[in-house]
Amino acid sequence: MARIHKTVTGDGFLAKQPTNKTLLDIHRRMVRIRHFEERAGKLMEDGKIPGALHLYVGQEAVAAGVMVHLTAEDQITSTHRGHGHLIAKGGDFDRMYAELFGRSTGYCKGKGGSMHISNMDLGMLGANGIVGGGPPIAMGAAFANKFRKSKHVAVAFFGDGASNEGSFHEAANMASLYKLPAIFVCENNGYGEYTAQANHQAVVDVADRAAGYGMPGVIVDGMDAVAVYEAAGEAIARARKGQGPTLLECKTYRFYDHVGVRGMGLNYRTDDEVKKWMKRDPIKLFEARLAEQKVLSKKQAEAVHAEVLAEIEAAVAFAEQSPMPDVASLLDDVYSTAG
Amino acid sequence: MSAVASETKTRQLPYVVAITEGVREVLKEQANAFVAGEDVAGAGSVYGYYRGLLDEFGADRIYDTPISEKGIIGLGVGAAAAGLRPVLDIMFMDFIGECMDEIANQMAKMRFMFGGSATLPITVLTMAGAGANLAAQHSQSLEAWLAHLPGLKVVMPATPYDAKGLIIAAARDDNPVFVVLNKMSLAMMGDVPEGPYEVPIGKANVVRTGKNYTIVTLGRMLGQALDAAKQLAELGIDAEVIDARSVQPFDTEAVIKSVEKTHRAMVVHEAVRFGGFGAEIAAQIQEHAFDYLDAPVARVGAPFSPVPFSPALEKVYVPNAERIVVVAREQLGI
Ligand SMILES: Cc1ncc(C[n+]2csc(CCOP(=O)(O)OP(=O)(O)O)c2C)c(N)n1
Ligand SMILES: [Mg+2]
């Protein structure tokens with residue numbers, strides 16, 4: 001039987017405390033995600049970004065706390081809410097905004113857009129328009145890592161809603177059976193679209209599902225980047241040592257609607273609930289902690305924000321000035337012509 | 001059942017509301033009917049076409065499911081086999097990939113495999129169509145996947161009138177019927193009678209009569225073909241436009257009758273042209289009306305690539321009136 005252990009907050013009993021350098025790194029990753037997304041939301045509302053945009057605001061601690069353990073050779077799979085994962089994995093703002101704008105300079109040459117943003121060089125195997133599309137692919141990447149006898153791991157990010165797709169269950173079972181270096185990170189934000197978790201699954205903790213596949217299930221406060229860092233660190237270390245996968249459930253919240261900023265204006269969450277979670281803004285919590293620990297003063301934090309904001313302005317300008325893809329490129333990339 | 005009673009009042013309604021009305025009639029008329037799908041009850045679907053039905057019929061008749069498409073179709077197959085009349089919702093047609101085994105190996109074949117002993121009166125509503133910048137996994141038209149499976153019926157309403165009437169016909173049918181809707185048609189206005197009426201499954205609709213050219217369309221391409229017909233009229237081509245409405249069963253007879261008169265034909269659909277349902281229509285025409293044809297049957301469809309995200313690419317990807325005219329002129333040498 002799998003053991004299910006639960007961590008409540010980042011009080012450091014699981015793994016080593018992050019160094020100051022790591023803390024600053026996590027902070028910067030979170031801030032980069034936040035401002036990228038805020039700006040993307042505005043650009044969408046201004047009609048500059050076509051299609052659907054699923055913003056990651058509120059969940060930054062998860063992407064940052066996990067990704068700080070990874071190198072470009074470690075792979076991740078993402079979701080429809082994928083910008084944060086790519087940014088935390090080292091994504092370049094120029095190429096990201098260009099993709100959201102549908103320009104030829106984007107990460108996918110404008111062919112994928114927000115829902116398919118990806119970069120193989122960074123080990124980012126794609127945002128995904130199919131809920132639950134990621135876990136089997138991450139399992140396959142983990143298989144490749146083991147096959148090659150490398151120490152790399154593959155991380156699947158997915159939502160509470162996605163944990164009801166068969167694809168997740170098949171991937172979890174196979175990863176555990178083959179002892180693959182995989183980590184299943186469930187970002188439980190309490191909703192699949194407009195349906196509350198209690199109305200889409202009978203369990204409260206997605207981590208409980210780990211037991212069915214003989215792997216550890218761990219629960220962390222997904223608003224606490226240090227808690228995520230510690231739990232992810234342990235899961236990733238296990239995977240690198242050949243001890244198999246872990247299901248890591250991060251309890252979190254999305255601050256904006258399912259799609260876009262205000263979405264369809266459906267009344268499926270109370271204002272009180274939203275406010276309660278916003279009080280636990282992962283970036284504010286983290287900055288307070290860093291200030292208290294004298295790792296980053298308020299002023300230094302502001303400087304990070306300003307730097308990121310300037311980078312964003314330049315990236316948006318780059319995207320806007322980039323050309324649309326050439327019509328002739330439509331038929332390229334359907335097949336490889338190399339081999 | 002008979003078609004529209006001519007005395008009933010007709011209103012102008014958008015396609016999206018016509019869908020709601022169709023489902024409402026089904027729930028009113030059939031005590032064993034229920035709706036199940038992702039975000040259909042509380043949210044009334046992401047496109048809003050079930051809005052109000054939860055309040056009207058209650059939680060025993062309309063169910064929010066988990067994000068489990070295999071489960072949704074399985075629920076319908078099992079419930080139908082046990083005597084209910086499920087109306088299922090697969091939010092985007094692209095997601096039928098998630099449940100293709102339930103569709104292809106269970107739903108479509110069960111009756112036949114069991115020697116006719118099982119009856120599966122299932123209606124599946126699903127949203128197809130490109131043009132909304134939703135990229136490769138939220139924009140496909142996959143009717144050919146379904147039409148290829150003996151045991152399924154597949155309809156593609158192009159107008160609000162047909163949306164309501166085909167949903168009602170689908171739900172009254174004792175077979176599994178897919179109603180393939182189009183997201184770019186949701187705001188389209190059209191005449192919709194009050195109350196229940198059926199648009200017969202398997203009957204094409206001659207929307208514009210013409211003398212010397214036949215255009216057969218699937219789903220939303222009807223509007224594009226009608227626009228093209230106007231442009232072609234200026235070139236001396238008097239096009240007859242036939243909305244197939246149903247691809248399985250397909251109304252070969254209506255098309256052949258037209259081609260025998262016009263001698264030249266084109267088929268238009270949004271799906272990828274190669275291996276699309278238009279290939280079947282073209283084959284039917286040449287099998288049944290070869291001697292009448294003055295030119296090879298032309299086909300208009302999407303290029304052989306996934307649906308691109310960039311507006312610059314999607315604009316040229318989705319077939320439209322201009323492309324229909326260009327292809328017709330090439331075909332006819334005018
Ligand atoms: C196979 C599939 N089914 C349904 C959808 C529509 N859809 C997109 S996002 C979403 C909700 C996903 O919820 P969750 O996994 O919790 O992720 P979150 O949006 O909360 O980040 C749904 C139902 C889809 N894209 N793919
Ligand atoms: Mg969720």
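The present account deals with the structure reproduced in this document.

What counts as what
- Residues numbered from 1 in each chain as written.
- Chains lettered and ligands numbered in written order.
- Predicted model: local features only at pLDDT ≥ 70, side-chain atom pairs only at ≥ 80, totals over all residues.
- Heavy atoms only, no water.
- Helix = DSSP H or I, 4+ residues; strand = E, 2+ residues; numbered from the N terminus.
- Rg over C-alpha atoms; globule rule 2.2 N^0.38 Å.
- Buried < 20%, exposed > 50% of the residue type's maximum accessible area, 1.4 Å probe, protein only.
- Contact = heavy atoms within 4.5 Å.
- Areas by Shrake-Rupley, 256 points an atom, 1.4 Å probe, with all protein chains shown as cover.
- Lys, Arg positive; Asp, Glu negative; His and termini not counted.
- Charge placed at Lys NZ, Arg CZ, Asp CG, Glu CD.
- Patch = residues over 30% accessible without salt bridge, like charges linked within 9 Å, V, L, I, M, F, W, Y side chains within 5 Å.
- Salt bridge = Lys/Arg side-chain N within 4 Å of Asp/Glu carboxyl O.
- Axes fitted to C-alpha atoms, helices over the stretch in contact; angles between N-to-C directions.
- Parallel < 35°, antiparallel > 145°, perpendicular 65-115°, else oblique.
- Pairing = 2+ DSSP bridges.

1. Remarks on the overall build of chain A
Here's step 1: When helices and strands are counted, chain A shows ten helices and eight strands.
Here's step 2: Scaling as 2.2 N^0.38, a compact globule of 339 residues should have a C-alpha radius of gyration of about 20 Å, and chain A matches this with 19 Å.
Here's step 3: Buried positions account for 60% of the 339 residues belonging to chain A.
Here's step 4: Residue pairs at least 24 apart in sequence account for 75% of intrachain contacts in chain A once pairs closer than 6 positions are excluded.
Here's step 5: Summed over all atoms, the accessible surface of chain A reaches about 13,800 Å², with 55% contributed by carbon and sulfur.
Here's step 6: The centroid of the 39 positive side-chain charges in chain A is displaced by 5 Å from the centroid of its 40 negative side-chain charges.

2. A closer look at a nonpolar patch on the surface
Residue and element names in this part refer to chain A.
Here's step 1: Side chains of Phe143, Phe147, Met174, Leu177 and Tyr178 sit close together on the surface and give an oily, nonpolar patch of about 550 Å² of accessible area.
Here's step 2: Where the nonpolar patch is concerned, the elements lending two or more residues are helix 5 (134-147) and helix 6 (166-177).
Here's step 3: Relative to the assigned elements, Leu177 resides in helix 6.

3. Focus: the packing of helix 3 (residues 69-81) of chain B against helix 4 (residues 100-107) of chain B
All names here are of chain B.
Here's step 1: It is at 8 Å that the axes of helix 3 and helix 4 come closest, and there the two elements cross at 25°. On the basis of the axis angle, helix 3 is roughly parallel to helix 4. Here Lys70, Ile73, Gly74 and Val77 of helix 3 lie close against helix 4, whose contacting residues are Asp101, Glu102, Ile103 and Met107.

4. Some details on the sheet that holds strand 9 (residues 205-208) of chain B
Residues and elements named next belong to chain B.
Here's step 1: Strand order in the open sheet formed by five strands is 9-11-10-13-14, and the pairing between neighbours is mixed. Where the open sheet ends on each side, the last strands, each with one partner, are strand 9 and strand 14 (298-302). Taking each pair of neighbouring strands and ignoring which way they run, the sheet shows an average axis angle of 25°.
Here's step 2: Taken together, the four bridges between strand 10 (residues 213-217) and strand 13 (residues 265-272) define a ladder with parallel strand orientation. What sits directly across from Val216, in strand 13, is Val267.

5. Concerning the side chain of A:His54
Here's step 1: Among the structural elements, A:His54 can be located in the loop between helix 1 (20-45) and helix 2 (60-67).
Here's step 2: Apart from residues lying up to four places away in sequence, A:His54 is in contact with A:Glu37, A:His80, A:Arg81, A:His83, A:Ser114, A:Met115, A:His258 and A:Val259.

6. Comments concerning the pairing of strand 4 (residues 85-90) of chain B
Residue and element names in this part refer to chain B.
Here's step 1: For strand 4, the tally of buried residues reaches six of six residues, placing the bulk of the element in the interior.
Here's step 2: Here strand 4 shows a buried face lined by Arg85, Val87 and Asp89 and a second buried face lined by Pro86, Leu88 and Ile90.
Here's step 3: Bridge analysis of strand 4 against strand 5 (residues 123-128) gives four bridges, and the strand direction is parallel. In the strand pairing of strand 5, Val87 is matched with Thr123.

7. Section: the sheet that holds strand 4 of chain B
All names here are of chain B.
Here's step 1: In space, the seven strands of this open sheet follow the order 3-2-4-5-7-6-12, with mixed pairing throughout. Single-partner strands in this sheet number two, and they are strand 3 (62-64) and strand 12 (246-248). Each strand axis lies, on average, 20° off the axis of its neighbour in the sheet, ignoring direction.
Here's step 2: Across two bridges, the pairing between strand 6 (residues 153-155) and strand 12 is antiparallel.

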